[in-house]
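Observations on chain architecture
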Amino acid sequence: MWASFDGIDLPWLVGTLTTIDQRGQEKGRTIADMVTSALAGTRENREHSFTLVQGTSTDAPPQHAHA
């Protein structure tokens, strides 16, 4: 099982790699806004979203039967 982040390519891997897309440009803008606010004397908490890009390198967890 292989997983990655930000679409890093593993050319030796057969199939497609499961990865987390962190939206790098959006993340950078969010951090810059937070630093600007902190320098102005205000603090703000912000959430940053990400997307799971399912490839063939991972599978869903096994389903266990409950007794």
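Please read all numbers here as calculations on a predicted model, not as lab measurements.

1. Overview of the overall build of the protein
When helices and strands are counted, the protein shows one helix and three strands. Here the C-alpha atoms of the protein give a radius of gyration of 18 Å, more than 25% beyond the 11 Å that 2.2 N^0.38 yields for 67 residues. In terms of overall dimensions, the protein has C-alpha extents of about 55 × 40 × 10 Å along its principal axes. In the protein, which comprises 67 residues, the share counted as buried stands at 16%. Restricting the contact set of the protein to residue pairs at least 6 apart, pairs at least 24 apart contribute 54%. In the structure as shown, the protein presents an accessible area of about 5800 Å², 58% of it carried by carbon and sulfur atoms.

2. Looking at the sheet that holds strand S3 (residues 51-53)
Pairing is mixed across the open sheet formed by three strands, whose spatial order is S1-S2-S3. Strands with a single pairing partner mark the edges of an open sheet, and in this sheet they are strand S1 (3-5) and S3. Taken over all neighbouring pairs, the strand axes of this sheet differ in orientation by 20° on average, direction set aside. Across three bridges, the pairing between strand S2 (residues 18-21) and S3 is antiparallel. Note on S3: the bridge partner recorded for Ile20 is Leu52.

3. Looking at the environment of Thr58
As for its position among the elements, Thr58 is in the segment after S3. Sequence separation between Thr58 and Thr30 is 28 residues; the distance between their C-alpha atoms is 30 Å. At 2.6 Å, the side chain of Thr58 and the side chain of Thr18 are in polar contact.

4. With respect to the confidence of the model for the protein
Summary statistics for the protein give a mean pLDDT of 83 and a share of 93% for residues scoring 70 or more. Across the protein, helix H1 (residues 24-39) holds the top mean pLDDT of 91, while S1 sits lowest at 72.

5. Some points on the side chain of Ser37
Along the chain, the position of Ser37 falls in helix H1. Take Ser37: its relative accessible area is 13%, and that puts it in the buried class. Side-chain polar atoms of Ser37 contact the side chain of Glu44, separated by 2.9 Å. The contact partners of Ser37, leaving out residues within four places of it in the chain, are Thr42 and Glu44.

Conventions and cut-offs
Residues numbered from 1 in each chain as written. Predicted model: local features only at pLDDT ≥ 70, side-chain atom pairs only at ≥ 80, totals over all residues. Heavy atoms only, no water. Helix = DSSP H or I, 4+ residues; strand = E, 2+ residues; numbered from the N terminus. Rg over C-alpha atoms; globule rule 2.2 N^0.38 Å. Buried < 20%, exposed > 50% of the residue type's maximum accessible area, 1.4 Å probe, protein only. Contact = heavy atoms within 4.5 Å. Areas by Shrake-Rupley, 256 points an atom, 1.4 Å probe, with all protein chains shown as cover. Pairing = 2+ DSSP bridges. Axes fitted to C-alpha atoms, helices over the stretch in contact; angles between N-to-C directions. Polar contact = N/O pair within 3.5 Å; in protein donor to acceptor, adjacent residues only side chain to side chain. pLDDT = per-residue confidence, 0-100.

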